[in-house]
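Topology and contacts: notes
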Amino acid sequence: MLSSIARGAAAGAAGTTALHAATYLDMTLRGRPSSSTPQQTIDKISEAAGTDIPGDAEQKESRKSGLGALLGMVTGTTVGVGYGALHALGWRPPVLVGGVVATVAAMAGSSAPMTALGVTDPRKWSTSDWLSDALPHLAYGLVTAATFSMMEENHRARRLRRRLRRMAKLRKAGKPAAARALAS
């Protein structure tokens, strides 16, 4: 279980990188500014917690920007952890299905808290807003699922090689019955 969760965390981190790349590519191509919702979310969390972000105005904005980005990374890694945990429990979707599920989970994981805090309302988003959110999250989901799948295949291959080496050692040691038992 822990190995699958660790692979999920790594896959979620890879997916988060893909999300950031897709977002920055969109900003570059369309000349649009970065979203302020992560910083607004940090403001709302700070208010709800009854704390203040320390520093002068410039430092506060920098800290909110950094915290907003970190919050996104935590969300992406957490969705990956969930993906790995589901895999450990027996869920084995094709990469495309797993990618769509990871996409939806990441979108919900990022938008639900912002919606609950009153930072945004997806019911009022334009088509452009939805595309700006959905396409980078789709990149996240597909990269997360594909990365997990590749790591899982590598993990299974390593386990098989170890098993074959143990069987060969048992045969060489004159224990063919133990080698046959290991093979079954």
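Note: the structure precedes this text.
Quick caveat: nothing in here was measured; it's all calculated off a predicted structure.

Cut-offs applied
- Residues numbered from 1 in each chain as written.
- Predicted model: local features only at pLDDT ≥ 70, side-chain atom pairs only at ≥ 80, totals over all residues.
- Heavy atoms only, no water.
- Helix = DSSP H or I, 4+ residues; strand = E, 2+ residues; numbered from the N terminus.
- Rg over C-alpha atoms; globule rule 2.2 N^0.38 Å.
- Buried < 20%, exposed > 50% of the residue type's maximum accessible area, 1.4 Å probe, protein only.
- Contact = heavy atoms within 4.5 Å.
- Lys, Arg positive; Asp, Glu negative; His and termini not counted.
- Charge placed at Lys NZ, Arg CZ, Asp CG, Glu CD.
- Patch = residues over 30% accessible without salt bridge, like charges linked within 9 Å, V, L, I, M, F, W, Y side chains within 5 Å.
- Areas by Shrake-Rupley, 256 points an atom, 1.4 Å probe, with all protein chains shown as cover.
- Salt bridge = Lys/Arg side-chain N within 4 Å of Asp/Glu carboxyl O.
- Expected span 1.5 Å × (residues − 1).
- Axes fitted to C-alpha atoms, helices over the stretch in contact; angles between N-to-C directions.
- Parallel < 35°, antiparallel > 145°, perpendicular 65-115°, else oblique.
- Left-handed = near helix turned anticlockwise from the far one by under 90°.
- Nonpolar A, V, L, I, M, F, W, Y, C, P; charged D, E, K, R; others polar.
- Phe/Tyr/Trp six-rings, centres within 6.5 Å; stacked < 30°, edge-to-face > 60°.

1. Considerations on the overall build of the protein chain
The helix and strand inventory of the protein chain stands at six helices and zero strands. Taken from N to C terminus, the helices and strands of the protein chain fall in the order α-α-α-α-α-α. Against the 2.2 N^0.38 benchmark of 16 Å for 184 residues, the protein chain shows a C-alpha radius of gyration of 22 Å, more extended than a compact globule. The buried share of the protein chain, taken over its 184 residues, is 30%. Counting only contacts in the protein chain whose residues sit at least 6 apart along the sequence, the fraction spanning at least 24 positions is 71%. Across the protein chain, the 23 positively charged side chains and the 12 negatively charged ones have centroids separated by 27 Å.

2. Let's talk about a positive patch on the surface
On the surface, Arg92, Arg158, Arg159, Arg161, Arg162, Arg165, Arg166 and Lys169 cluster together into a positively charged patch. Among the structural elements, arginine 162 can be located in helix H5 (residues 127–172).

3. A few points about the pattern of salt bridges
Between side chains of opposite charge, pairing is possible as soon as their charged atoms come close. Under the definition given, this model contains eight salt bridges. Between arginine 123 and aspartate 121 there is a salt bridge, and its shortest N-O distance comes to 3.0 Å. Counted as one network, the salt bridges with shared partners bring together Arg7, Glu152 and Arg156.

4. Comments concerning H5
Between the first and last C-alpha of H5 there are 66 Å, a value that for 46 residues agrees with the 68 Å anticipated at 1.5 Å per step. Downstream of H5 by one or two residues, glycine 174 has phi in the positive range, about 80 degrees.

5. Focus: the packing of helix H4 (residues 95–116) against H5
The interhelical angle for the contact between H4 and H5, taken along N-to-C directions, is 130 degrees, at an axis separation of 7 Å. Considering the angle they form, H4 stands oblique to H5. With respect to the hand of their crossing, H4 and H5 are arranged in right-handed fashion. In this structure, H4 uses Val95, Leu96, Gly98, Gly99, Ala102, Thr103, Ala106, Met107, Ser110 and Ser111 to contact H5, whose residues at the interface are Trp130, Asp133, Ala134, His137, Leu138, Tyr140, Gly141, Leu142, Ala145, Ala146 and Ser149.

6. Topic: the packing of H5 against helix H6 (residues 176–183)
The packing of two helices is summarised by the inter-axis angle and the distance between the axes. Running from amino to carboxyl end, H5 crosses H6 at an angle of 165 degrees, the nearest separation of the two axes being 7 Å. Considering the angle they form, H5 stands roughly antiparallel to H6. Here H5 and H6 pass one another in a crossing that is left-handed. Touching Arg163, Arg166, Met167, Leu170 and Arg171 of H5 are Pro176, Ala178, Ala179, Leu182 and Ala183, all from H6. Its residues assigned to classes, the contact of H5 with H6 comprises seven nonpolar, no polar and three charged.

7. Points about the packing of aromatic side chains
For the coordinates displayed, the defined rule picks out three aromatic pairs. Judged by centre distance (5.3 Å) and plane angle (75 degrees), the rings of tyrosine 83 and tryptophan 91 are edge-to-face. Looking at tyrosine 83, the relative accessible area reads 7%, which means it is buried. With a relative accessible area of 25%, tryptophan 91 lands in the partly exposed category. Look at tyrosine 83 and phenylalanine 148: their rings are 5.4 Å apart centre to centre, the planes differ by 65 degrees, and that puts the pair in the edge-to-face class. Of this pair, tyrosine 83 sits in helix H3 (residues 57–88) while phenylalanine 148 sits in helix H5, and the two are 65 residues apart along the sequence. Each of the two residues, tyrosine 83 as well as phenylalanine 148, counts as buried. Ring-pair connections join several aromatic residues into one group, and the members of that group are Tyr83, Trp91 and Phe148.

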